[in-house]
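Structural characterization, general
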Amino acid sequence: MSKMMFDYTKSILERVSFDPILFCKELEKAIKTLLPYEMEQLQEWLLNFVVGKPELKQSLQLIKV
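Residues numbered from 1 in each chain as written. Predicted model: local features only at pLDDT ≥ 70, side-chain atom pairs only at ≥ 80, totals over all residues. Heavy atoms only, no water.

**A look at the pattern of salt bridges**
Stated precisely, the cut-off is as follows: Every case where a carboxyl oxygen of Asp or Glu lies within 4 Å of a side-chain nitrogen of Lys or Arg is listed as a salt bridge. Helix and strand labels come from DSSP, where a helix needs a run of H or I of at least four residues and a strand needs a run of E of at least two; each type is numbered from the N terminus. Relative accessibility under 20% of the residue-type maximum defines a buried residue, over 50% an exposed one, and the middle range a partly exposed one, all with a 1.4 Å probe and only protein chains included.
Enumeration over the complete set of coordinates arrives at two salt bridges. A salt bridge links Asp7 to Lys3; the nearest nitrogen and oxygen atoms lie 3.5 Å apart. Linking Asp7 with Lys3, this pair stays in helix 1 (residues 2–15), spanning four residues, or about one helical turn. Residue Lys3 is classed as exposed on the basis of its relative accessible area, which comes to 54%. Residues Lys29 and Glu26 are paired through a salt bridge, measuring 3.2 Å at the closest nitrogen-oxygen approach. Within this pair, Lys29 and its partner Glu26 are both found in helix 2 (residues 20–33), separated by three residues, close to a single helical turn. With relative accessibility at 18%, the residue Glu26 sits in the buried group.

Quick look at the structure:
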């Protein structure tokens, strides 16, 4: 179940990445929902995802990278 939730979270974040504000809101929801080890995975994924998207780099502050 947890793998499904993590994958679902990633797909949502990918779909809303066009809007930095919406992206941050969805990321905040994910932080509340995911388990600690899933947060580590999300952190790694997020670091790679925002490399080419400077408008989303502010979201890194939410996960304290």
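**Brief notes about the environment of Phe6**
Our working definition: Two residues qualify as a contact provided that any one of their heavy atoms is within 4.5 Å of a heavy atom in the partner residue.
Along the chain, the position of Phe6 falls in helix 1. For the pair Phe6 and Val16, spaced ten residues apart in sequence, the C-alpha separation works out to 16 Å. Once residues within four sequence positions are removed from consideration, Phe6 is found in contact with Leu34, Glu38, Gln41 and Leu42.

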